[in-house]
Amino acid sequence: MRKYRSLIIALILLLATGGIGYYLYRLERQRQTELTESSHQNLNAEASALSKGASPSLSVKLHLYNPGRVDPKSDFLYVQERSIFETDDKVLKARQIVNEVLKSRPLFSDKATLRQIYLLDDGTAIVDLSDQAAKELTGGITSEMAAVLSITRSLRANIQEIKQVRFLVGGQQTDTFAGHVSIQQPFR
Amino acid sequence: MAKPGTYRLAGALFFLLAVIPLIIAYSALNANADDDLQIWIGEKKSSVDSRSNQGKTYFELRDLVEILHLGFQENENEATVSGPRGQLRLTGNRPLVRFKDEYILLNQVVWRRKEKEWYVSEDFLQKALPMILSQKLERQGTLSYRMFPFEQNRVQVEVTNFPDHVRLTFTQTQNAPIKIQEFQDSIRVGFGDYLVVPALPNVKPDSRIVKGLQFDTTEIYGGFRIDKGQNYYNFREYPSDRPTRKVVDLYAPPLAAHTVPEVTPQPPPEPTPPVPQPGGGTTPEPVPVYKPRQFGNLITVDPGHGGEDYGVHPSQEDLEKNYTLRIAERIEARLRSTAYRGTLTRNQDTDPAAAQRSAMANYYQSRCYLSIHLGGAPAKDARGPVVYVHTYGGQESEAHDSGSGEKSLTPWDMGQKPFAAQSRQLGTLIQAELNSVFGTENHVVEVPLAQLAPVTSPAVLIEAGFLTNSDDQGKLATGEFQDRIAVAIVKAIQRFLD
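Residues numbered from 1 in each chain as written. Chains lettered and ligands numbered in written order. Predicted model: local features only at pLDDT ≥ 70, side-chain atom pairs only at ≥ 80, totals over all residues. Heavy atoms only, no water.

**Section: the confidence of the model for chain A**
Mean pLDDT for chain A: 82, with 84% of residues reaching 70 or above. Note on residues 35–47 of chain A: pLDDT is under 50 here. Beyond four places in sequence and across chains, it has three contacts. (pLDDT = per-residue confidence, 0-100. Contact = heavy atoms within 4.5 Å.)

This is the structure we're talking about:
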């Protein structure tokens with residue numbers, strides 16, 4: 001046994017190094033898997049929440065653009081009731097409300113989508129719309145105000161916690177919504 | 001004491017575990033020593049012989065010339081390499097390569113080993129060769145290059161002459177990074193690694209500020225050279241909404257502007273002599289009052305949109321940007337018969353950034369600012385003129401107020417705040433005049449408008465009818481109706497300012 005002592009020590013060291021390396025590798029793989037699963041869970045949560053009921057059952061009041069109007073202070077929006085899937089999650093509720101507003105034709109094009117909504121503790125909702133939602137609006141200032149105000153008022157009317165709405169376009173903070181109306185400040 | 005066999009075994013293990021990796025690492029580090037350089041053209045790979053000289057690696061120039069189909073001439077200690085786009089002149093034992101009137105500095109000297117045997121360093125391929133090639137030579141990895149056909153970048157230059165500055169607008173077809181470098185006598189504009197195809201302007205720049213504008217072939221892939229005139233003072237480059245465009249304003253010194261009506265500033269008051277005090281001291285001299293130079297009764301008129309920004313466009317023939325320019329030009333023409341003068345933020349089919357348009361109004365200390373647009377709405381029955389003024393209400397203001405009474409800089413987007421009431425007044429007058437023209441009863445609308453927020457004078461945005469309404473569209477298509485709009489706006493301005 002003694003004559004093989006060096007050999008045994010060397011082998012043990014080799015195995016130990018290999019073992020540590022393999023453990024670190026597995027640790028990193030596991031971390032990556034957890035990150036991926038976490039993002040999948042979020043999407044799955046939304047899907048399962050939306051499919052709880054057999055059909056949409058929660059009534060919400062949407063503030064939609066009143067065609068022909070140009071002055072935001074004068075009957076610019078009208079109220080319409082719609083049904084969405086019931087959910088306790090405010091973000092999911094907000095998503096459904098905005099998605100319903102984005103169905104307004106011809107104000108928004110069919111390529112207009114909601115990228116993400118974030119709800120901050122101070123009552124600010126950050127609505128991140130796709131580039132097409134802004135760039136393919138049919139019209140000028142009237143359309144931009146209609147888009148911004150209908151989303152803002154619809155969210156505020158149905159989710160108490162939302163006090164103001166900030167807009168992002170394509171994930172970016174921009175000076176204007178589609179070239180005219182400033183969105184540097186939040187809307188109420 | 002261990003047996004000899006144990007030591008042999010330990011030695012063998014040590015060799016396996018320590019020495020072999022060292023050998024491998026050493027080989028990897030020295031993999032490039034005396035390795036040839038590879039050039040790929042399409043699927044064909046060619047090698048350029050390498051040779052070591054004083055510890056540095058060189059590559060045979062004749063191989064490069066042959067592979068890249070270049071011309072080569074030698075004259076004793078000088079060599080000329082000719083390509084489709086020019087010639088490079090090399091001198092033995094010098095690190096400088098000459099291209100036209102420019103010198104390119106290499107990391108190593110050019111090595112003339114003997115007659116007709118020249119060697120160059122690798123950075124010759126990166127810095128000098130691209131100047132004369134008609135294709136792009138791109139480094140793929142260690143000692144590996146590939147030839148690519150150039151992507152062309154058509155760059156159009158537009159010149160706009162203003163009273164005190166020259167505006168150059170560069171519009172490119174690619175998204176190349178636009179680099180501007182100032183030299184003693186010139187400013188160079190480069191466009192990344194696309195082959196520039198220039199489209200020079202028909203309008204000549206004001207020669208007092210810009211002596212010349214030419215296509216610069218000394219840039220590797222082409223660029224532009226702006227020669228400074230004797231009245232040149234400084235330049236400013238403006239970011240654009242699109243990466244395909246860059247605006248450069250070249251200025252004369254501030255006192256050089258003379259074509260815009262100017263009010264001669266009052267001389268500062270004579271300092272009063274110090275009054276001797278009973279105690280023997282004196283009162284301090286009053287500080288002379290500085291009066292900023294004024295441009296006179298200038299009104300800034302902004303034709304909305306332009307260039308690639310069509311604005312509202314119900315069809316390819318009806319583009320908002322064209323209407324706004326025509327109406328703005330008519331407003332400027334009408335202003336000439338009044339005590340006021342108009343200046344446009346654009347007089348061509350260009351698209352200055354919103355901040356530039358606002359900045360122009362502020363720079364000229366305009367009496368008022370009008371941004372001309374046409375409306376568009378999802379519903380076709382929205383019609384008539386609508387005048388907009390900026391509002392800070394309905395949004396939470398995040399502007400900071402020092403509150404201490406100290407003078408402080410005004411945040412950019414708060415410039416309009418002191419003028420809100422005047423803007424509403426101006427807007428109301430213009431709305432009333434335009435309603436008479438259109439036969440409508442629309443009202444002034446207050447919305448947060450990014451373009452008006454920074455303006456430090458009464459400012460309105462006018463939508464002179466809706467292009468999405470067939471009735472308005474039919475009227476707007478006629479010059480006569482556009483003129484009526486201009487007359488109405490000028491009348492309202494006079495009522496406001498007089």
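**Notes on the packing of helix α4 (residues 320–335) of chain B against helix α8 (residues 479–497) of chain B**
All names here are of chain B. One can describe the packing of α4 onto α8 by two numbers: an axis separation of 9 Å at closest approach and a directional angle of 55°. Of the possible angle classes, the one that applies to α4 and α8 is oblique. Relative to α8, α4 is oriented so that their crossing is right-handed. Of the residues in α8, those in contact with Tyr323, Arg326, Ile327, Arg330, Ile331, Arg334 and Leu335 of α4 are Gly479, Gln482, Asp483, Ile485, Ala486, Val487, Ile489 and Val490. (Axes fitted to C-alpha atoms, helices over the stretch in contact; angles between N-to-C directions. Helix = DSSP H or I, 4+ residues; strand = E, 2+ residues; numbered from the N terminus. Parallel < 35°, antiparallel > 145°, perpendicular 65-115°, else oblique. Left-handed = near helix turned anticlockwise from the far one by under 90°.)

**Digging into the packing of aromatic side chains**
Residues and elements named next belong to chain B. Applying the stated criterion across every chain yields a total of 12 aromatic pairs over all chains. With a centroid separation of 6.2 Å and an interplanar angle of 55°, the aromatic rings of Phe170 and Phe191 are classed as tilted. Pair noted here: Phe170 is in strand β15 (residues 165–172) and Phe191 is in the loop between β17 (186–190) and β18 (195–199), with a separation of 21 residues, a long-range link. Like Phe191, Phe170 is buried. Following the ring pairs from residue to residue traces out a cluster consisting of Phe170, Phe191, Phe215 and Phe224. Above the face of the Phe183 ring, Arg188 is positioned so that its terminal group lies 5.0 Å from the ring centre. The side chain of Lys417 reaches across the aromatic face of Tyr392, ending 5.6 Å from its centre. (Phe/Tyr/Trp six-rings, centres within 6.5 Å; stacked < 30°, edge-to-face > 60°. Buried < 20%, exposed > 50% of the residue type's maximum accessible area, 1.4 Å probe, protein only. Lys NZ or Arg CZ within 6 Å of the ring centre and 35° of its normal.)

**Some points on the sheet that holds strand β4 (residues 56–60) of chain B**
Residue and element names in this part refer to chain B. One open sheet accounts for four strands, arranged β3-β4-β11-β10; its pairing is antiparallel. Each of the sheet's edge strands pairs with one partner strand only, and the pair in question is β3 (50–53) and β10 (111–114). Between one strand axis and the next, the sheet turns through 40° on average, direction left out of account. With two bridges connecting them, β4 and strand β11 (residues 117–120) associate as antiparallel partners. Paired with Glu60 across the strands is Tyr119, a residue of β11. (Pairing = 2+ DSSP bridges.)

**Details of the side chain of Gln482 of chain B**
Residues and elements named next belong to chain B. Position of Gln482 among the secondary structure elements: in helix α8. Gln482 gets classed as buried once you look at its relative accessible area, which sits at 2%. For Gln482, the side chain forms a polar contact with the main-chain oxygen of Leu476, separated by 2.9 Å. If we skip the residues at most four places from it in the chain, Gln482 touches Tyr323, Arg326, Ile327, Arg330, Leu476 and Ala477. (Polar contact = N/O pair within 3.5 Å; in protein donor to acceptor, adjacent residues only side chain to side chain.)

**Here's the deal with the sheet that holds strand β19 (residues 210–216) of chain B**
Sheets are built from strands that pair by backbone hydrogen bonding, the pairs being arranged parallel or antiparallel. Residue and element names in this part refer to chain B. Here four strands make up an open sheet; going across it, the order is β16-β17-β20-β19 and the pairing antiparallel. The sheet is open, and its two edges are formed by β16 (179–182) and β19, each paired on a single side. Adjacent strand axes in the sheet meet at a mean angle of 15° when their direction is disregarded. Here β17 runs beside strand β20 (residues 223–228); their pairing, made up of five bridges, is antiparallel. The partner of Val189 across the bridge, within β20, is Phe224.

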